[in-house]
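# Per-entry structural report
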Amino acid sequence: FDACLFGSAETIAGLYPYTNYYVGSEDLEPGEGWQYNTFLSYVNTHPTADGLAVGTEIVNGYTNQNKNDSTTLSVVDSAAIPDLLSAVDHFAVALQPYTNSIANWKNIARSRFKAPDYSTSVWDNESYDLVDLVEFASRVFDQFPVDLDLRAASTALADATQNAVKYFKNSPNR
């Protein structure tokens, strides 16, 4: 998607049954968006290229065109999304025992605050508050390090994400 904030697990969860690969940005996209001439030229000269190859061209063209801006763009294998969604569910179940006290909620909130985020603003009621899932899970586990179930769920979530994301580029400031 040549649109802002379409690289979230929530968006991909709704669309993965209809795609083989998915290209999306976790963040706001600069005004110029994708560099269509690069990947369309690639498709023209490589008509049998698969979605991963075309997606890689999209990501490379986009990041080259917008190299002076803050960018992030990923190619995701849709076949890996069911495992990712299962890992998210298991992480949520492992985290649930820690939702029973204010002290634990503060630790969870601290983890969220320290994780990279996208389109978040305390001043803007129209921000989306998207958070890097792997970093959030890792930081949550750091708050409760003796819980082996939470450790396993956090690790499984990171592994499932890395398995799903086949290619990505982030600008140095992301």
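Rules used in this analysis
Residues numbered from 1 in each chain as written. Predicted model: local features only at pLDDT ≥ 70, side-chain atom pairs only at ≥ 80, totals over all residues. Heavy atoms only, no water. Helix = DSSP H or I, 4+ residues; strand = E, 2+ residues; numbered from the N terminus. Buried < 20%, exposed > 50% of the residue type's maximum accessible area, 1.4 Å probe, protein only. Contact = heavy atoms within 4.5 Å. Areas by Shrake-Rupley, 256 points an atom, 1.4 Å probe, with all protein chains shown as cover. Lys, Arg positive; Asp, Glu negative; His and termini not counted. Charge placed at Lys NZ, Arg CZ, Asp CG, Glu CD. Axes fitted to C-alpha atoms, helices over the stretch in contact; angles between N-to-C directions. Left-handed = near helix turned anticlockwise from the far one by under 90°. Nonpolar A, V, L, I, M, F, W, Y, C, P; charged D, E, K, R; others polar. Arc of directions from axis to C-beta. Polar contact = N/O pair within 3.5 Å; in protein donor to acceptor, adjacent residues only side chain to side chain.

## Focus: the overall build of the chain
Across its full length, the chain carries seven helices and five strands. When the backbone C-alpha atoms are referred to their principal axes, the chain occupies close to 55 × 35 × 25 Å. Evaluated residue by residue, the chain yields a buried proportion of 38% over its 174 residues. When contacts within the chain are restricted to residue pairs at least 6 apart in sequence, long-range pairs at least 24 apart make up 66% of them. Surface summary for the chain: the accessible area is close to 10,000 Å², and the carbon and sulfur share equals 54%. Side-chain charges of the chain comprise 10 positive and 22 negative groups, with the mean position of each set lying 10 Å from the other.

## Some points on the packing of helix 5 (residues 102–114) against helix 6 (residues 133–143)
Contact geometry for helix 5 and helix 6: axes closest at 8 Å, N-to-C directions at 145 degrees. Viewed along their axes, helix 5 and helix 6 form a crossing whose handedness is right-handed. The segment helix 5 lies against helix 6, with N107, I108, R110, S111, R112 and K114 engaging F136, R139, V140 and Q143. When grouped by side-chain class, the residues that make up the contact of helix 5 with helix 6 number three nonpolar, three polar and four charged.

## Some thoughts on helix 6
Inspection of helix 6 places F136, A137, V140 and F141 among the buried residues, and these make up the whole buried set. Projected down its long axis, helix 6 shows its buried positions confined to an angular sector of 135 degrees, all on one face. At its buried positions, helix 6 is contacted by helix 4 (81–95), helix 5, strand 4 (130–131) and helix 7 (148–164). Of the residues flanking the start of helix 6, the one acting as N-cap is D132, its side-chain oxygen 3.3 Å from the backbone nitrogen of V134.

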